[in-house]
Amino acid sequence: MNVSVMARRSLALALTLAAGSASAQLPLSGPLSGPDVPLVRAEIARLEKLLSSASDKATVTYEMARTFAFAKQWPETIQWLRKAAELRVGLDPSHEPIFAELHGAREFEAILAAVREATQAVSHSRPAFQIAESDLAPESVAYDPNSKYFYFGSMRKGKVVRCSASGYCTQFVGGLGTVVGIKAHGKGLWVLNNSASESALVHYDLASAEVVRKYPVIGAGHNFNDLAFAPGGDVYLTDTRAGAVWHLANGTADLTRLPGRFESANGIALSEDGGLLYVSTFPDGISVVDLKTRATTPIAHPDKLCLATIDGLYFHRGALLAIQNGFMTPRVVRLILTRDLRAIERFDVLERRNPLFEGVTTGVFTGRDFFYMANIQDDKKSGFNPIRVLKLHFS
């Protein structure tokens, strides 16, 4: 039987079974307040326009459902969620608070069942070590190949800890704000630190933990997120709130902003030769920047691949490794690139529906091994589990 026919029949069966097991009706749609009406209409119009142009239409389809859910227009929400589920790309509304009122409704439960059926568990990871300080909320991890220490930055505690491969940790530096991306490069640790008044790239000496230099952008409206190093030592970093990518040329004193807008910029990676910059963005998933011409284009990819909500993004041996979370079924996926490195030829899901996943964000390559955090638990206030670090090996 044709694979696509089998998929459609399987989806229809999942929808039917789930509808039979849930009996609650949809809640009544709610009225919008006066000021919200033009905002919702404008957002719907924007998304309708994006549907005709975005390279990743699945993400826009799902975002349309979220917009109707914000407006509490539940029949339209279900209509768009059903469209997203029928794409079978992994878009998952089960944990989003914006859909909380729909839980138990037979239409919504049918959609959740269809998503689960389309995204079976995949496992290739092995346990590496765990961190006892379970409420650390480390968004990012770095590795120093010289000392063989891992470094974890805390979003909650304003510090960076240094850990051995057995999980023994000590504080490297404290007194910071919200620490997000970190990278070890040469003899330094480079940290992205955010506060209410500034976002900064901070260069620390690995041996002394002293600040070598700080590169700030003053004012609100910024959130430095992740960073990558070019072969010549240049640094590129994402600014999620500003929809921007910043560049620090090696040996210079100031950050400069790349031209163009990178909406919801998050993960970032560079090709091995440093010629192409990959940035995870909305709605196209990944934008490719030719650093010689400064031209930016959405990455071409197979129709069955959705690139929504990429957090960690890494270039490794002619491929990109991406960690997706948010409203994607959390997963680690390898994106095999074409020879010119400008398009995705095919993809392999390496990890999905791991029972340890509870906030999977970023990782770090150490040779052919990729270490990543399975459960940073950044949305918890109590009941923390030890932070589990997993490992994927690439032969």
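Calculation criteria
Residues numbered from 1 in each chain as written. Predicted model: local features only at pLDDT ≥ 70, side-chain atom pairs only at ≥ 80, totals over all residues. Heavy atoms only, no water. Pairing = 2+ DSSP bridges. Helix = DSSP H or I, 4+ residues; strand = E, 2+ residues; numbered from the N terminus. Axes fitted to C-alpha atoms, helices over the stretch in contact; angles between N-to-C directions. Phe/Tyr/Trp six-rings, centres within 6.5 Å; stacked < 30°, edge-to-face > 60°. Buried < 20%, exposed > 50% of the residue type's maximum accessible area, 1.4 Å probe, protein only. Lys NZ or Arg CZ within 6 Å of the ring centre and 35° of its normal. Core = buried A, V, L, I, M, F, W, Y, C linked by side-chain atoms within 4.5 Å. Contact = heavy atoms within 4.5 Å. 1 Å grid on protein atoms, 1.4 Å probe; cavity = no way out; pocket = protein on both sides within 12 Å on 5 of 7 lines; lining within 4 Å. Points joined across faces, edges and corners; volume = space filled by probe spheres on them. Nonpolar A, V, L, I, M, F, W, Y, C, P; charged D, E, K, R; others polar.

Draft legend 1. Quick look at the sheet that holds strand 20 (residues 331-337). Overall, antiparallel pairing links the four strands, which are arranged 18-19-20-21 in an open sheet. Each edge of the open sheet carries a strand with a single partner, namely strand 18 (310-316) and strand 21 (344-352). Ignoring which end each strand starts from, the neighbouring axes of this sheet average 20° apart. Across six bridges, the pairing between strand 19 (residues 319-324) and strand 20 is antiparallel.

Draft legend 2. Geometry of the packing of aromatic side chains. Following the criterion strictly, the structure yields 18 aromatic pairs and no others. Relative to Phe229, the ring of Trp190 lies with its centre 5.4 Å away and its plane at 75°, an arrangement referred to as edge-to-face. Pair noted here: Trp190 is in strand 7 (residues 188-194) and Phe229 is in strand 10 (residues 224-229), with a separation of 39 residues, a long-range link. Exposure class is identical for Trp190 and Phe229. Each is buried. Geometrically, the ring pair formed by Tyr278 and Phe315 is stacked, given 6.2 Å between the ring centres and 20° between the ring planes. With a gap of 37 residues between them, Tyr278 in strand 15 (residues 276-281) and Phe315 in strand 18 connect regions that are remote in the sequence. Taken individually, Tyr278 and Phe315 each receive the classification buried, so the pair is uniform in this respect. Three or more aromatic residues joined by ring pairs make a cluster, and in this case those are Tyr314, Phe357, Phe365, Phe370, Tyr372 and Phe394. Stacked on the ring of Trp80, the Lys or Arg Lys83 has its end atom at 3.9 Å from the ring centre. Above the ring of Tyr149, the side-chain terminus of Arg162 is found at 5.6 Å from the ring centroid.

Draft legend 3. Inspection of the nonpolar core at higher detail. Core analysis: the largest hydrophobic core is formed by 33 residues, its most contacted members being Tyr62, Leu81, Leu91, Phe99, Leu102, Phe108 and Cys306. With sequence-adjacent residues up to four places away left out, Cys306 is seen in contact with Asp56, Ala58, Thr59, Val89, Leu91, Gln324, Met328 and Arg331.

Draft legend 4. Molecular detail of the layout of surface pockets. In this model, the largest pocket occupies a volume close to 1,300 Å³. Looking at the largest pocket, it is lined by 43 residues, and the ones nearest its centre are Thr309, Asp311, Asn325, Gly326 and Phe327. Put simply, the parts of the chain that give the lining of the largest pocket at least two residues each are strand 15 and strand 18. Partitioned by chemical class, the residues of the lining of the largest pocket number 14 nonpolar, 18 polar and 11 charged. Considered as a void within the structure, the second largest pocket measures approximately 830 Å³ in volume. Around the second largest pocket, the lining is made up of 29 residues, and of these Lys183, Ala184, Phe229, Phe315 and Phe365 lie nearest the centre. Residue composition of the lining of the second largest pocket, by class: 18 nonpolar, seven polar and four charged.

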